[in-house]
Amino acid sequence: MRLAQILFSQGFGSRRQCAGLVDAGLVRVHDQVVTEPDAEFDPDGLVFEVEGRRWPYHAKALLLLHKPAGYECSRKPGRHPSVLSLLPAPLRQRGVQPVGRLDEDTTGVLLLTDDGALLHRLTSPRHHVAKVYEVRTRHALASDQLQRLLAGVVLDDDPKPVRAAAAEITGPHELRLTLTEGKYHQVKRMLAAVGNRVEALHRSAFGDWRLPDGLAPGQWCWLPQPAGQPAPTAPR
Ligand code: URA
């Protein structure tokens, strides 16, 4: 694949801008400056540098962001900045978008991808991808609340009950809840339906993916593409 084409596919601007980056001597491959935009490289496993920053080539991007509070998952955010503002420009340029949404005040695991098929697989209710939430509640948790969350509660927009796939009280005001659907404000509405209230919400797992050690709020990392694999259904 031509070097300018590789840069274009990775979000470094228009074809002309990508050729310009190479022409200007701003791109290194295998520790050597390459000034020929048409130079051919095998993109698989390629790591190149643009203006001193190392980039691994990914045909499709799959990222894990440690979402901090105070960011919206929308592309066109309202009152708070978008989670996309936490990513470098080439990733925004290539069109990565959040896999599902977390509320502005929710923290934790947020995947982002530019792979439409994967996005669909991970968000489709048919695939039942497990999402694990660590919930802090205003009122002390009672075991009957836990039983009702597991048995199913009716939310205001759908007569069909929604139930937690798993629920475990982890402290007087702490609950670990596993959901396989992704309804709007689902955790907050489920807790409200059993007479409690969410004070803080953190997603600790999405499918098999958890926060890697040391990934601070606001930081992100690449994930290997699970291409061809069935979507993971349960956290490790
Ligand atoms: N449920 C909620 O209420 N909020 C989130 O951000 C995620 C799940």
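Here, the structure is the one placed above.
Each value, and the rule that gives it
Residues numbered from 1 in each chain as written. Predicted model: local features only at pLDDT ≥ 70, side-chain atom pairs only at ≥ 80, totals over all residues. Heavy atoms only, no water. Near = heavy atom within 4 Å. Polar contact = N/O pair within 3.5 Å; in protein donor to acceptor, adjacent residues only side chain to side chain. Areas by Shrake-Rupley, 256 points an atom, 1.4 Å probe, with all protein chains shown as cover. Helix = DSSP H or I, 4+ residues; strand = E, 2+ residues; numbered from the N terminus. Nonpolar A, V, L, I, M, F, W, Y, C, P; charged D, E, K, R; others polar. Domains from an automatic or database assignment. Core = buried A, V, L, I, M, F, W, Y, C linked by side-chain atoms within 4.5 Å. Buried < 20%, exposed > 50% of the residue type's maximum accessible area, 1.4 Å probe, protein only. Pairing = 2+ DSSP bridges. Contact = heavy atoms within 4.5 Å. Disulfide = S-S within 2.5 Å. Arc of directions from axis to C-beta.

Asker: In this structure, what is going on with the site of the ligand? I would like to understand it.
Answerer: The ligand sits among L102, D103, T106, Y133, H185, Q186, V187, K188 and L201. A distance of 3.0 Å separates a nitrogen atom of the ligand from a polar backbone atom of V187. For the ligand, the protein covers 96% of the area, taking 240 Å² as the surface of the free molecule. Looking at the shell around the ligand element by element, the count peaks at three residues for helix α6 (residues 186–193). For the shell around the ligand, the per-class residue count stands at four nonpolar, three polar and two charged. Summarising the domain contributions, the shell around the ligand has at least three residues from each of domain 2 (62–125 + 208–222) and domain 3 (131–206).

Asker: Looking at this structure, how should I read the nonpolar core?
Answerer: Counting 49 residues, the largest nonpolar core has L7, F48, V135, L177, V187 and L191 as its most contacted members. L64, L111, L122 and C221 belong to the second-largest nonpolar core, a separate cluster that totals 14 residues.

Asker: Whenever I open this one, the pairing of strand β11 (residues 166–171) confuses me. Can you help?
Answerer: One face of the sheet, then the other: side chains in a regular strand alternate in exactly this way. Two elements, β11 and strand β12 (residues 174–179), share five bridges in a ladder whose sense is antiparallel. Bridging from a neighbouring strand, E168 pairs with R176 of β12. Taking the residues that link successive antiparallel strands as the turn, the β11-β12 hairpin has two residues.

Asker: What exactly am I supposed to notice about α6 here?
Answerer: Every α-helix carries 3.6 residues per turn, so stepping three or four residues along brings you back to the same face. All of the buried residues in α6 are Q186, V187, R189, M190 and L191. Packing partners of the buried residues in α6 comprise β8 (131–137), α5 (143–151), β9 (153–155), β10 (158–162), β12 and β13 (198–206). Immediately downstream of α6, the backbone of G195 shows phi near 85°, a positive value.

Asker: It is not clear to me how the state of the cysteines should be interpreted in this structure. Could you clarify?
Answerer: Defined simply, a disulfide is a covalent bond joining two cysteines at their sulfur atoms. Enumeration according to the criterion identifies zero disulfides in this entry. Cysteine C73 shares no disulfide, and the gap to the nearest cysteine sulfur, in C221, comes to 16 Å. Residue classification places C73 among the buried residues on the basis of a relative accessible area of 5%.

Asker: Would you mind showing me how to read helix α2 (residues 15–23) here?
Answerer: Listed in full, the buried residues belonging to α2 are C18, L21 and V22. Taken down its axis, α2 places every buried residue within 100° of arc, on the same side. Turned more than 90 degrees off the buried face of α2, the exposed positions are R16 and D23. The inward-facing, buried residues of α2 contact α1 (3–9), β1 (27–29) and β3 (47–50). Immediately beyond the C-terminal end of α2, within one or two residues, lies G25, with a positive phi of roughly 75°.

Asker: Sorry if this is basic, but what is going on with the environment of D23 here?
Answerer: As for its placement among the helices and strands, D23 is situated in helix α2. Taking the relative accessible area as the measure of exposure, D23 reaches 52% and is therefore exposed. When the C-alpha atoms of D23 and V109 are compared, they prove to be 39 Å apart, with 86 residues separating the residues in sequence. Excluding anything up to four places from it in sequence, D23 contacts T35 and P37.

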